[in-house]
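# Observations on chain architecture
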Amino acid sequence: MAEQLSGDPAIYLRDGFYAADGSMREGIDGEHSLALAYRLRSEGLSLDGLDSLLQAVGDIVDAHAGNDVETGEEPISAGGMKAFDQLGTRPEVTRSAALTSVLSAAHPWVRTWRDYAALAIHLERARSQLALLAVWPQFTKQERS
């Protein structure tokens with residue numbers, strides 16, 4: 001299964017997060033998030049590490065989006081973009097080729113708060129999948145017994 005899901009963010013994000021009709025591209029909140037979770041598990045990234053990154057992602061919204069965001073189409077401020085750029089220097093990111101590649105591939109597409117939300121959704125889904133993978137061996141062992 002993991003071999004089938006070796007998605008490279010540089011490929012699946014090459015056209016951004018959204019399709020021409022404005023919907024999120026197929027797989028970004030599904031199979032690509034699962035592939036990312038497999039990669040994170042193989043790298044040994046813990047749920048705590050991914051939670052730490054997600055907290056930082058949320059903190060950027062709290063600090064820079066403010067009450068001025070109504071539709072999500074508003075551009076991210078220079079301070080918000082600087083904070084987004086700094087995510088790549090976080091220890092959980094620098095120790096993870098998978099997280100580094102996701103942030104690098106997403107960077108050209110993150111210009112509005114809607115774009116930023118798409119990245120956050122992708123990371124949140126990967127976190128959910130990683131949590132499932134963490135307990136998966138327990139379930140399969142019980143089924144075999």
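None of these values were measured; they are calculated from a predicted model. Residue numbering note: each chain is counted from 1, following its sequence as written. Only residues with pLDDT of 70 or above have their local features reported here, since the model is predicted, and side-chain atom pairs are shown and tallied only from 80 upward, although totals for entire chains, interfaces and linings are computed over all residues. The side-chain quantities take in all heavy atoms of the structure and omit both hydrogens and water.

## Topic: the overall build of the protein chain
Formally: Here a strand is any run of E in DSSP of at least two residues, a helix any run of H or I of at least four, and the numbering for each starts at the N terminus. Here's how the labels work: a residue is buried when its accessible area is under 20% of the maximum for its type, exposed when over 50%, partly exposed in between, all with a 1.4 Å probe on protein chains only. Contact between two residues is taken to exist if any of their heavy atoms lie within 4.5 Å; hydrogens are not considered.
Secondary structure summary: the protein chain contains seven helices and zero strands in total. When the helices and strands of the protein chain are listed from N to C terminus, the series reads α-α-α-α-α-α-α. Sorting the 145 residues of the protein chain into buried and exposed places 39% on the buried side. Restricting to contacts in the protein chain with at least 6 residues of sequence separation, those with at least 24 account for 76%.

## Things to note about helix α4 (residues 78–86)
Let me state the cut-off plainly: Each C-beta atom gives one direction from the helix axis, and the arc is the one those directions make.
Gly 80, Met 81, Ala 83 and Phe 84 are the residues of α4 that are buried. Axial view of α4: buried residues confined to an arc of 160°, hence all on one face. Summarising the geometry of α4, the exposed residues directed more than 90 degrees from the buried face are Ala 78 and Lys 82.

## Digging into the packing of aromatic side chains
Stated precisely, the cut-off is as follows: In summary, the pairing rule links any two rings of Phe, Tyr or Trp, Trp by its six-membered ring, whose centres are within 6.5 Å, and it sorts them by plane angle into stacked for under 30 degrees, edge-to-face for over 60 and tilted for everything else. Only Lys NZ and Arg CZ are tested; either one counts as a charge over a ring when it is within 6 Å of the ring centre and within 35 degrees of the ring normal.
According to the stated counting rule, one finds two aromatic pairs in the structure shown. Note on Phe 84 and Tyr 116: the rings are 5.9 Å apart at their centroids and 80° apart in plane angle, and the pair reads as edge-to-face. Note that Phe 84 is positioned in helix α4 and Tyr 116 in helix α7 (residues 113–144), a separation of 32 residues in sequence. The pair formed by Phe 84 and Tyr 116 is uniform in burial state, with each residue classed as buried. Consider the rings of Trp 113 and Tyr 116, whose centres lie 5.5 Å apart with planes at 80°: the pair is edge-to-face. Of the two residues, Trp 113 and Tyr 116 are both situated in helix α7; the distance of three residues between them amounts to about one turn of the helix. Like Trp 113, the residue Tyr 116 is buried in the burial classification. Three or more aromatic residues joined by ring pairs form one cluster here, namely Phe 84, Trp 113 and Tyr 116. Positioned above the aromatic ring of Tyr 18 is the side chain of Arg 114, whose terminal nitrogen or guanidinium carbon lies 3.7 Å from the ring centre.

## Some details on the nonpolar core
What counts is decided by this rule: Definition used in this section: a nonpolar core is a set of buried Ala, Val, Leu, Ile, Met, Phe, Trp, Tyr and Cys residues joined via side-chain atoms within 4.5 Å.
Ranked by size, the top nonpolar core spans 40 residues in total, and within it Phe 17, Leu 87, Tyr 116 and Leu 123 carry the most contacts. Elements with a minimum of two residues in this core: α2 (31–43), α3 (47–64), α4, α6 (97–106) and α7. In terms of residue count, α7 provides more of this core than any other element does, nine residues in total. With residues near it in sequence (within four places) discarded, Leu 87 still touches Leu 53, Ala 56, Val 57, Ile 60, Val 93, Leu 103 and Tyr 116.

## Some points on the pattern of salt bridges
What counts is decided by this rule: The salt bridge criterion pairs a side-chain nitrogen of Lys or Arg with a carboxyl oxygen of Asp or Glu, the two atoms within 4 Å.
Under the counting rule described, the total for this entry stands at five salt bridges. A salt bridge links Arg 127 to Asp 51; the nearest nitrogen and oxygen atoms lie 2.6 Å apart. Placement of Arg 127 in helix α7 and of Asp 51 in helix α3 is noted, with a sequence separation of 76 residues between them. What makes Arg 127 partly exposed here is its relative accessible area of 22%.

## Description of the environment of Gly 30
Structurally, Gly 30 can be placed in the loop between α1 (9–12) and α2. Gly 30 gets classed as partly exposed once you look at its relative accessible area, which sits at 25%. Considering only alpha carbons, one finds Gly 30 and Arg 125, 95 residues apart in sequence, at a separation of 7.3 Å.

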